[in-house]
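# Residue-level structural notes
Residues per chain are reported as follows:
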Amino acid sequence: DGGITQSPKYLFRKEGQNVTLSCEQNLNHDAMYWYRQDPGQGLRLIYYSQIVNDFQKGDIAEGYSVSREKKESFPLTVTSAQKNPTAFYLCASQTETSYNEQFFGPGTRLTVL
Amino acid sequence: GQNIDQPTEMTATEGAIVQINCTYQTSGFNGLFWYQQHAGEAPTFLSYNVLDGLEEKGRFSSFLSRSKGYSYLLLKELQMKDSASYLCAVRVLTGGFKTIFGAGTRLFVKA
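Remember, predicted model here, so these are calculated numbers, not experimental data. (Residues numbered from 1 in each chain as written. Chains lettered and ligands numbered in written order. Predicted model: local features only at pLDDT ≥ 70, side-chain atom pairs only at ≥ 80, totals over all residues. Heavy atoms only, no water.)

### Let's talk about a nonpolar patch on the surface
In plain terms, the rule: A patch is a set of surface residues, each over 30% in relative accessible area and not in a salt bridge, joined within 9 Å for like charges and within 5 Å for the nonpolar side chains Val, Leu, Ile, Met, Phe, Trp and Tyr. In these tables, accessible area is a Shrake-Rupley quantity obtained with a 1.4 Å probe, and a residue counts as shielded only by the protein chains included in the view. The rule for a salt bridge is simple: a side-chain nitrogen of Lys or Arg has to be within 4 Å of a carboxyl oxygen of Asp or Glu. Per the convention used, a helix needs a DSSP run of H or I reaching at least four residues, while a strand needs a run of E reaching at least two, with both numbered from the N terminus.
Side chains of Tyr10(A), Phe12(A) and Leu113(A) sit close together on the surface and give an oily, nonpolar patch of about 390 Å² of accessible area. Here Tyr10(A) is to be found in strand β2 (residues 10-13).

Dropping the structure here:
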């Protein structure tokens, strides 16, 4: 089955700790994205990558970091510099043509205590 | 700047028709998407418009007017399972493709 996986579904961390959220896809998509969603709000773009070993900041990149060493993987690290990290994080992938939709993973709900 | 507006909430009755509007002000427009998102779950794709006009897909239709920066999603024969958030998203080409999402419209379907 092709798709996107994110793990874990729920994650709890203490304030001041870095945490890495995983995102893996076997759809052979070139582009991958990380979004953050807060209650009652839409998706805000954190980082995106259109090709291996390259990525760009989105609208709210401060306090986050990413890597894209393999086509299938796009992990997101939430650092201690992120002031309000508790949120629902969604990873998505897409073939790099404009008329194709994004496919989303199931999401990770991060709670920082 | 890039901006997408849609109503925060709507309520409709089972079996009825509902129209969810979306207006956008973006540069580098390259298509408009509608996604459905149930609470706590990932968004799923509903429709895509890049040219003006109506796209119909079963109980769902989506309309686009690029000159007016306007789209709507039409849901017919509403079912209880249609209670969800509906996200309007615009794909833009600004040094690479990006998708900008609206805040979503929460639709409540009542019996």
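Now that the structure has been shown, the text picks up again.
### Overview of the packing of aromatic side chains
Aromatic rings considered in pairs are described by the distance between their centres and by the relative angle of their planes. The line we're drawing: Working definition: a ring pair exists when centres of Phe, Tyr or Trp rings (six-membered ring for Trp) sit within 6.5 Å. Plane angles under 30 degrees give stacked, over 60 give edge-to-face, the rest tilted. With a 1.4 Å probe rolled over the protein chains alone, any residue whose accessible area is under 20% of its type maximum counts as buried; one over 50% counts as exposed, and the rest are partly exposed.
Across all of its chains, the model carries 17 aromatic pairs over all chains by this definition. When the ring of Tyr70(B) is compared with that of Tyr72(B), the centres are 6.1 Å apart and the planes differ by 55°; the resulting orientation is tilted. You'll find Tyr70(B) and Tyr72(B) in the same group, each marked buried. Ring pairs connect the aromatic residues Tyr33(A), Tyr35(A), Tyr48(A), Phe104(A), Phe33(B), Tyr35(B), Phe45(B), Tyr48(B) and Phe101(B), which therefore count as one cluster.

### Regarding the layout of surface pockets
To be explicit about the condition: Computed over the protein atoms alone on a 1 Å grid, cavities are sets of points where a 1.4 Å probe fits but cannot get out and pockets are open sets with protein on both sides within 12 Å along at least five of seven lines; a residue lines them when it has an atom within 4 Å of a point. Grid points are joined across faces, edges and corners, and a volume is the space filled by probe spheres set on the points. Residue classes follow a fixed rule: Ala, Val, Leu, Ile, Met, Phe, Trp, Tyr, Cys and Pro count as nonpolar, while Asp, Glu, Lys and Arg count as charged, and any other residue, Gly among them, counts as polar.
Counted as a void, the largest pocket has a volume near 520 Å³. Lining the largest pocket are 26 residues, with Gln37(A), Gly40(A), Ala39(B), Ser85(B) and Arg106(B) positioned closest to its centre. Mapped by element, the contributors of at least two residues to the lining of the largest pocket are β9 (87-94) and β11 (108-112) of chain A together with β9 (84-93) and β11 (105-110) of chain B. Here the lining of the largest pocket is composed, by residue class, of 10 nonpolar, 11 polar and 5 charged. In this model, the second largest pocket occupies a volume close to 270 Å³.

### Focus on the interface of chain A and chain B
Buried accessible area, meaning the area lost when the parts come together, often serves as the stated size of an interface. Quick reminder of the rule: By definition in these notes, contact holds between two residues if any of their heavy atoms fall within 4.5 Å. The buried area of a pairing is the accessible area, by a 1.4 Å probe, that goes missing from both parts when the two are put together, added over both. N or O atoms within 3.5 Å of each other form a polar contact, as long as, within protein, one can give a hydrogen and the other can take it, and as long as residues adjacent in sequence are counted only when both atoms are side-chain atoms.
Facing 26 residues of chain A, the contacting portion of chain B comprises 20 residues. Summed over both sides, the interface of chain A with chain B buries roughly 1700 Å², with 52% coming from carbon and sulfur. Where chain A meets chain B, there are 1 salt bridge. The partner of Asp59(A) in a salt bridge is Lys98(B), with the nearest N and O atoms 3.7 Å apart. Here chain A is connected to chain B by 5 residue pairs in polar contact (both at pLDDT 80 or more). Going through the elements one at a time, β4 (31-37), β5 (43-51) and β9 of chain A are the ones with two or more residues in the side of chain A that touches chain B. In terms of residue count, the dominant contributor to the side of chain A that touches chain B is β5(A) (4 residues). Its residues placed into classes, the side of chain A that touches chain B shows 10 nonpolar, 11 polar and 5 charged.

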